[in-house]
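Working through the structure, step by step
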Amino acid sequence: MQNNSPPLRVSIIGFGAVGQGVATLLQDLPHVEVVAVADSRGVALTPNLGTLLSRKRAGRPIANSDLTALEVIRTIEHDIVVEVTPTNIENGEPGLTHMREAIKNRRSIVTSNKGPLVVAFHELVQLARENDVALRYEATVGGAMPIINLVRETLAGNRILDIMGVLNGTCNYILTRMAEEALDYDQVLSEAQDMGIAEADPTYDVMGIDTASKVVILANSFFDKNVTYADVAVTGIDRITPDALRLAHQRGFAIKLIGEVQELTVSPKMIPIGHPLNVGGTLNAASILTDHAGEITVAGKGAGSIETASAIVSDILSIQKERC
Ligand code: HSE
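Read on for a plain summary of the structure. (Residues numbered from 1 in each chain as written. Predicted model: local features only at pLDDT ≥ 70, side-chain atom pairs only at ≥ 80, totals over all residues. Heavy atoms only, no water.)

1. What about the sheet that holds strand β7 (residues 160-166)?
- Read from one edge to the other, the open sheet built from six strands follows the order β8-β10-β9-β7-β11-β12, with strand pairing classed as mixed. Edge strands, defined here as strands with exactly one partner in the open sheet, are β8 (233-234) and β12 (295-301).
- The sheet contacts of helix α7 (residues 169-181) involve β7, β9 (253-260) and β11 (283-290), and relative to β9 the element is tilted by about 170°. (Pairing = 2+ DSSP bridges. Helix = DSSP H or I, 4+ residues; strand = E, 2+ residues; numbered from the N terminus. Contact = heavy atoms within 4.5 Å. Axes fitted to C-alpha atoms, helices over the stretch in contact; angles between N-to-C directions.)

Given below as structure tokens:
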């Protein structure tokens, strides 16, 4: 079937691991035109994505204009802002200003950035509604593991009673490696950083802050709550020792960092070894408890450049379909 509609025009704001993953996937996508890419140093207008990715990987500047990211959002005509700057849960910036401006300028948002949604979830949802634009954020929770759109669309015939799960790939990787090879916490954390799955500030991962952010997003999305990070009781994995993991294993348990959405808690919990939430490595897993369908458990890659980018591209394609 031929698609005669004009191409969907997209900007990519943020050109770290996720932004580069999005650019890589959009190279092969017909009917999507990237009008601008912004990194922390500047803006490339009408970029050739292949050339831009090579420049970025070589550590060279990508800018070919004097515009700022905010000026792109305000002044360059386009349909979707892909906001993939790093998460900041203190005040959501710079992502929150990018998102407010995008919506006010009638551009839809697709994002993996948890910060603005943790700080101002209902404000952004309301603003998007008033301006008749989409706000899609599948990539904020569980990376490539389907959860937001799964619950909102596929499970729409159910009431969601609870969601709990392993929602941070870095912690899960650290706990898995520590359990399997009796390695020290610091040694495995630096491996997770080398793999590019840890947050820009890895204390967000190991102190449970990243998992709590995902709990907040799920609670606000599906449980009629209006909560922020301060409402979640959080314990990280920084005090877990290889000995504790070994002892748990001897008793038939694994220790996992579990986010519990109804309870608004994040803490290390003993999970029976045969339980579906006992996933290894960088995987995430979530159990969704529903009234009619019972318990649905999903698992998948919770982090990574291309994996997370695939969730962003799914959201872009959903907006494209809604437009047709
Ligand atoms: N640092 C996060 C993780 C990235 O390890 O899960 C995905 O949100």
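2. Overview of the site of the ligand
- As a structural note, the neighbourhood of the ligand is formed by K114, N168, G169, T170, I197, A198, E199, D205, D210, K214, G302 and A303.
- E199 is positioned such that a nitrogen or oxygen atom in its side chain is 2.7 Å from a nitrogen atom of the ligand.
- For the ligand, an oxygen atom lies 2.8 Å from a polar atom in the side chain of K214.
- Protein contacts shield 92% of the accessible area of the ligand, which totals 260 Å² for the unbound molecule. (Near = heavy atom within 4 Å. Polar contact = N/O pair within 3.5 Å; in protein donor to acceptor, adjacent residues only side chain to side chain. Areas by Shrake-Rupley, 256 points an atom, 1.4 Å probe, with all protein chains shown as cover.)

3. Digging into helix α1 (residues 17-26)
- Taking burial as the measure, the 10 residues of α1 include seven buried ones, the bulk of the element.
- Every buried residue belonging to α1 is among V18, G19, Q20, G21, V22, A23 and L26, and all of these are buried.
- Where α1 is buried, its residues touch β1 (8-13), β2 (32-39), α2 (49-57), β4 (80-83) and α12 (305-323). (Buried < 20%, exposed > 50% of the residue type's maximum accessible area, 1.4 Å probe, protein only.)

4. Notes on the pairing of β11
- With six of eight residues buried, β11 lies mostly within the body of the structure.
- With six bridges joining them, β7 and β11 adopt antiparallel strand pairing. What sits directly across from G165, in β11, is A286.
- A loop of four residues connects β11 with β12, the two strands running antiparallel in sequence, and G294 in this loop sits at a positive phi of about 75°.

5. Here we look at the pattern of salt bridges
- Under the defined criterion, the tally for this structure stands at 14 salt bridges.
- Close ionic contact of R100 with E123 constitutes a salt bridge, the shortest N to O distance being 2.7 Å. With R100 in helix α4 (residues 95-104) and E123 in helix α5 (residues 114-130), the pair connects residues that are 23 residues apart, well separated along the chain.
- With a relative accessible area of 35%, E123 lands in the partly exposed category.
- What you see here is one network of salt bridges that share partners, running through K114, E199, D210 and K214. (Salt bridge = Lys/Arg side-chain N within 4 Å of Asp/Glu carboxyl O.)

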